[in-house]
Amino acid sequence: MTDATTTSTPETATKTFDIGLSVLIPAYNEEESIASTVEAIRKHASCVRDLEIIVINDGSKDRTGEIARTLPVTLIEHEINTGYGSGLKDGLQAAKHEFIMIADADGTYPLEDTPRLLEDAMNYAMIVGARTGAIVKVPPLRKPGKWIITRLAEYLSQRKIPDLNSGFRVFRKDVALRFLSLYPDGFSFTTTITLAMLTNHYKVKFVPINYHRRVGKSSIKPIRDFTNFTILIIRICAYFKPLNVFVPPALVLILGGLIKGTIDYTGQGHLGLFGIVLALTGLQMLFIGLLADLIDHRMKL
């Protein structure tokens, strides 16, 4: 458990954590909520020994940058919108503390739960605020896609994932930097770091939290982002767990080829071309998976 002390008052008991914490807040057109977000973080993350707040103004077209310049934060400004992940990568490299917390500036995450995420920070590589609490205001159009990509990620990673891409989490900077080259510039940053840590056997804890309706307009595009998330999950798992990606479809193709070949030989007295192609394609995919797995193990030596 994190090195913590508890001080009591007549109303409540407050834990303090002997760690340095850098909080990254990517912001794109968040003039309505950026000030209140920073204020909430200063209040609820004051339980750490040393607190740094970094706001990344990602080419906002409203007054986000102007407001952020008046706040007690370190401000990183992009001239143009480069993406959620791009902002977090810049903030991650600029952060000075050993623990990183990320939080959105749109008012959706319960920042008062910050101490809960910090509770076991010393024992885990990452603590994720999983949006599985009593109040979860996810737009209905996103739920089917979210369910599909989560099930795909669980199947490929062979791990239970309560929330794949929560934007409210605490993690160790040194571990996160090991996968820096893999993080995309878009919204898939959180998906990537989750899969990278899980498939590399780092300890990850999911803490149930609520999720509120956002302030302002969302910049997420469901169809485009669903496609990108799906491709990303397969790519990351192929990178770290290639057998999970290649072996199942290879076996299906080989089995399909054997069944088709048996039917052709029984009915026509010879093997059909389609059955042969299916079986050979499956064998080829199987050998690719084995080769990728060998390369992955050699790189870890």
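Summary of the structure given here. One numbering rule holds for all chains: residues counted from 1, following each sequence as written. Per-residue local features are limited, in this predicted model, to residues with pLDDT of at least 70; the limit for side-chain atom pairs, both in listing and counting, is 80 or more; totals at the level of whole chains, interfaces and linings are taken over all residues. Hydrogens and waters are ignored; side-chain quantities use all the structure's heavy atoms.

## Things to note about helix H5 (residues 143–157)
In step 1: Here H5 spans 21 Å end to end across 15 residues, near enough to the 21 Å set by a 1.5 Å rise per residue.
In step 2: Exposure classes here rest on a 1.4 Å probe applied to the protein chains alone. A residue is buried below 20% of its type maximum, exposed above 50%, and partly exposed in between. Numbered from the N terminus, helices here are DSSP runs of H or I no shorter than four residues, and strands are runs of E no shorter than two. Here H5 has its buried residues at Gly145, Ile149, Thr150, Ala153, Glu154, Leu156 and Ser157.
In step 3: Phi turns positive, to about 60°, at Gln158, one or two residues after H5. By this rule the span expected of a helix is its residue count minus one, scaled by 1.5 Å.

## Here we look at the pattern of salt bridges
In step 1: We define a salt bridge as a contact between a side-chain nitrogen of Lys or Arg and a carboxyl oxygen of Asp or Glu at a distance within 4 Å. One pass over the structure, following the stated rule, counts 12 salt bridges.
In step 2: Taking the shortest distance from any N to any O, the salt bridge between Glu154 and Arg151 comes out at 3.0 Å. On the criterion of helical spacing, the pair formed by Glu154 and Arg151 is a turn pair, its members being 3 residues apart in helix H5.
In step 3: A relative accessible area of 13% means that Glu154 is categorised as buried.
In step 4: For Arg151, a relative accessible area of 28% translates into the label partly exposed.
In step 5: A salt bridge links Glu154 to Lys160, with the nearest nitrogen and oxygen atoms 3.8 Å apart.

## Digging into the side chain of Thr190
In step 1: Secondary-structure assignment places Thr190 in helix H7 (residues 189–199).
In step 2: Residue contacts are defined here by distance: any two heavy atoms, one from each residue, within 4.5 Å place the two residues in contact. If we ignore the near neighbours within four places in the chain, the residues touching Thr190 are Tyr84, Ile102, Leu164, Asn165, Ser166, Gly167 and Arg169.

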